[in-house]
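# An overview of the molecular structure
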Amino acid sequence: TKEKKRHMGDTKHFCPVSLKENFVLYPGLSEHAAKYREKIYYFSTSECRDKFLKNPEEYVAHKEPIQAPPLRVCLLGPHGAGKTTCARQIAEKLGIFHIQFEEYLQQLILPKTKRKVGPHFDEEPEEDDNKMPILSQELEDFPQTMTETGAEKSKQEVELTAEEEAIKANLVYHEALPPEVLENIVLDWWRKEPFRSTGFILDGFPRTSDEAKYLSERGLCPDVVVYIQVEVSEVLDRLVPPRLKKWKERQYKKMEQKKKLKDLKAKIRV
């Protein structure tokens, strides 16, 4: 016997409660189905089904069709795979926001740290040749000056909040971000403007299974997840040469500065 064609609800096989509350297309499950006005609705969880049955008019279309959410994309891949370059091009072409996750974290604590933190930013700051001591008195007072400068710097350091400390630990030591920190960061991209109505490509998130689990538990489903896979040799060819060049330039400057300081001390002794 030919099975009778089912009349699907306004959101087809997507959960109407997730669409209404989180503005995401979350696939519903047949075991959580319900019938309303001769139409079948699928729900992501039994809780969503119960919400719908208590007040179905809140979740169905009335005069106009239910608006579909914008595109949300997660772009993943190893460091150096070219995620950011691809994400910028996709965002520009589709007219959506580009969010580079680690860069976003850096910007959250930058007002207090004054510099970016993490393995990729642990290089020693470049010294200014114009700041080299040129008087004997400056050389004699150099240790004291350094001590005073260190004390002043310590006074100027601003204490980080617990959330900022967690972000810094994540960037420096790759410690997992607590769910409450993710809640204050990630949730807005799905629920608040201008991201909610425009859409985005999220570059470099989720990075761990716990972060992916957080998205799933909160009902924050990306429409597309793309993983860029590259050979290790390609990543090395892309990252090593510029970093090696930068390191050589820094070492050369250090040697030049030491030579200048040595010559200056010799002149003062004479």
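Residues numbered from 1 in each chain as written. Predicted model: local features only at pLDDT ≥ 70, side-chain atom pairs only at ≥ 80, totals over all residues. Heavy atoms only, no water.

Per an unreviewed UniProt entry, the protein goes by KAD9 kinase and derives from Hemiprocne comata.

### Observations concerning the state of the cysteines
Joining two cysteines, a disulfide is a covalent bond between their sulfur atoms. Counting across every chain of the model gives zero disulfides. With no disulfide partner, Cys48 has as its closest neighbouring cysteine sulfur the one in Cys15, 4.1 Å distant. Note on Cys48: relative accessible area 13%, which makes it buried. Here Cys74 is not disulfide-linked; the sulfur of Cys221 is the nearest cysteine sulfur, at 9.9 Å. (Disulfide = S-S within 2.5 Å. Buried < 20%, exposed > 50% of the residue type's maximum accessible area, 1.4 Å probe, protein only.)

### Describing the environment of Thr11
Residue placement: Thr11 occurs in the segment before helix H1 (16–22). Residues Thr11 and Tyr41, spaced 30 residues apart in sequence, show a C-alpha to C-alpha distance of 7.6 Å. With residues up to four places along the chain from it excluded, the contact list for Thr11 reads Pro16, Leu19, Tyr41 and Ile66. (Helix = DSSP H or I, 4+ residues; strand = E, 2+ residues; numbered from the N terminus. Contact = heavy atoms within 4.5 Å.)

### Concerning the side chain of Lys83
Relative to the helices and strands, Lys83 resides in helix H3 (residues 83–94). Despite its burial, Lys83 remains without a salt bridge, the nearest opposite charge being carried by Asp203 at 4.9 Å. Apart from residues no more than four positions distant in its own chain, Lys83 is found in contact with Leu75, Leu76, Gly77, Pro78, Asp203, Gly204 and Ile228. (Lys, Arg positive; Asp, Glu negative; His and termini not counted. Salt bridge = Lys/Arg side-chain N within 4 Å of Asp/Glu carboxyl O.)

### A closer look at the packing of aromatic side chains
Aromatic ring pairs are reported here in terms of the distance separating the ring centres and the angle at which the planes meet. A full pass over the atoms with the stated rule returns nine aromatic pairs. With a centroid separation of 5.0 Å and 50° between ring planes, the pair formed by Phe43 and Phe52 is classed as tilted. Like Phe43, the residue Phe52 is buried in the burial classification. Arranged with centres 4.9 Å apart and planes meeting at 55°, the rings of Phe97 and Phe195 form a pair that is tilted. One end of the pair, Phe97, is in strand E4 (residues 97–100); the other, Phe195, is in helix H10 (residues 195–198), with 98 residues separating them in the sequence. (Phe/Tyr/Trp six-rings, centres within 6.5 Å; stacked < 30°, edge-to-face > 60°.)

### Structural notes on the environment of Asp237
Mapped onto the fold, Asp237 is located in helix H12 (residues 232–269). The spacing of Asp237 and Gly80 is 157 residues in sequence and 9.6 Å in space, taken between C-alpha atoms.

### Regarding the packing of helix H4 (residues 101–113) against helix H7 (residues 162–173)
Viewed as axis vectors pointing N to C, H4 and H7 meet at an angle of 130°, and their least axial separation amounts to 10 Å. Classed by the angle they form, the pair H4 and H7 counts as oblique. In terms of crossing hand, the pair formed by H4 and H7 is left-handed. The segment H4 lies against H7, with Glu102, Leu105, Gln106, Leu108, Ile109 and Lys112 engaging Glu164, Ile167, Lys168, Asn170 and Leu171. (Axes fitted to C-alpha atoms, helices over the stretch in contact; angles between N-to-C directions. Parallel < 35°, antiparallel > 145°, perpendicular 65-115°, else oblique. Left-handed = near helix turned anticlockwise from the far one by under 90°.)

### Quick notes on the pattern of salt bridges
Overall, the coordinates contain twelve salt bridges when judged by the stated rule. The residue Glu57 makes a salt bridge to Arg37 at a minimum N-O spacing of 3.4 Å. With Glu57 in the loop between helix H2 (46–54) and strand E3 (72–76) and Arg37 in the loop between strand E1 (29–36) and strand E2 (39–43), the pair connects residues that are 20 residues apart, well separated along the chain.

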